[in-house]
Amino acid sequence: MSITGNWNVRMKTPIGSINAVFTFVEADGSLTGSAESGGAVAPMRDLATIPQADGTTTVTWSQSVTKPMRLNLDFEITVTGDTLSGFSRAGRLPRASVEGSRT
Amino acid sequence: MNHVQIVLFPAFDPLDVIAPFEVLAAACDEAQSDTMIELVCEGEPRSFVGGTRGLALTATATLDPTKPGYVIVPGVSGPVDGDPDAGDETIPVLLARVAASNLMPLIRQSLDNPDIVVATQCGGGLILGMAGLLDGRTAVTHTLGNDVLEATGVTVVRARVVDDGDLVSSGGVTSGLDLGLHLAGREFGPNVAYSVERLFEYERRGTAWHTERSSTTTIGPHREA
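Scoring rules and cut-offs
- Residues numbered from 1 in each chain as written.
- Chains lettered and ligands numbered in written order.
- Predicted model: local features only at pLDDT ≥ 70, side-chain atom pairs only at ≥ 80, totals over all residues.
- Helix = DSSP H or I, 4+ residues; strand = E, 2+ residues; numbered from the N terminus.
- Rg over C-alpha atoms; globule rule 2.2 N^0.38 Å.
- Contact = placed C-beta atoms within 7 Å.
- Expected span 1.5 Å × (residues − 1).
- Buried ≥ 20, exposed ≤ 12 C-beta atoms within 10 Å, placed from the backbone.
- Nonpolar A, V, L, I, M, F, W, Y, C, P; charged D, E, K, R; others polar.

**A short note on the overall build of chain A**
In terms of regular secondary structure, chain A is built from 0 helices and 9 strands. Here the C-alpha atoms of chain A give a radius of gyration of 13 Å, agreeing with the 13 Å that 2.2 N^0.38 yields for 103 residues. Oriented by its inertia axes, the alpha-carbon framework of chain A measures out at about 35 × 25 × 25 Å. Long-range contacts, defined as pairs at least 24 residues apart, comprise 29% of the intrachain contacts of chain A with a sequence gap of at least 6.

**Comments concerning the environment of B:Gly171**
By the secondary structure assignment, B:Gly171 is in the loop between strand S11 (167-170) and helix H6 (175-188). If we skip the residues at most four places from it in the chain, B:Gly171 touches B:Val140, B:His142, B:Thr143 and B:Arg160.

**Section: H6(B)**
Residues and elements named next belong to chain B. With 14 residues, H6 extends 19 Å between its outermost C-alpha atoms, agreeing within 8% with the 20 Å of an ideal straight helix rising 1.5 Å per residue. Where burial is concerned, most of H6 is hidden: 14 out of the 14 residues are buried. Just downstream of H6 lies Gly189, where phi reads positive at about 95 degrees.

**Considering the interface of chain B and chain A**
Taken together, the contact between chain B and chain A spans 16 residues of the former and 14 residues of the latter. Residue assignment for the side of chain B that touches chain A shows that the elements contributing at least two residues are helix H2 (91-99), helix H4 (124-130) and helix H5 (146-151) of chain B. Here the side of chain B that touches chain A is composed, by residue class, of 9 nonpolar, 4 polar and 3 charged.

It is worth stressing that arrangement in space is one thing and function is another; only the former is reported here.
Here it is as structure tokens:
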């Protein structure tokens, strides 16, 4: 299940849910990604994909965002067809849900 | 002349403002210092309604990041629990609102000014963290906010007062008394701080943590080497 493409995502933060757009690009066999929210674009670091036995794909990465607030976040989401779901975690805070669909 | 500028904004926590204000006022009296202590804000001086039962205070000047001395940023008071998506104005929501306001460029200028020490009280530290102003710094905020503060890129030391040179942060609510006494000690020396402790019938408690021990004996605004 490929994650490449654009995704409209809704995610919880300590100050309420926000909308973001995730973009994943595969070029020369390597995957890169970025997330845009509130006009600020943050690159994804340590992006990794893990194919699962049931045909879904788990994707993990880290990113530092500045909007709506400065946060270091770790993501773990699973792609099933045209939807993704999972969570983000900011440091020791409880994990927060992330839901999205392809644009 | 040195200045102590204590910043007001909507939903400020009254004690975060008043505790350092009173301690530093008494310290200046004791030291016979002409240090100016005022409540300030971004923009035109005006009244602000605090977050506790509508108690209001009036800023009498505009925050000026060129005045040497101290800029103190309080936290907010409001509901701890609630669903921001349902419109609940929880403390994180209120703090984030200040972090996104026009006040932050002035705080950034204050941090960049070598003649100013920026001090935060309670959630004030988290405001600066949310605004991205404390990346890589060492600081503390209210105990309920320390995990979030850490996630903003701050090295959190869970002490009562954390002295990181030109940034001094303090923990929750009553630690504003300790922040005031710590700054009084930095500015006027231990005898003045001790004298205020006796006058206020309050003894400093908890840990005052220092990035550099040298900052404990600095008289006047600390300057980074």
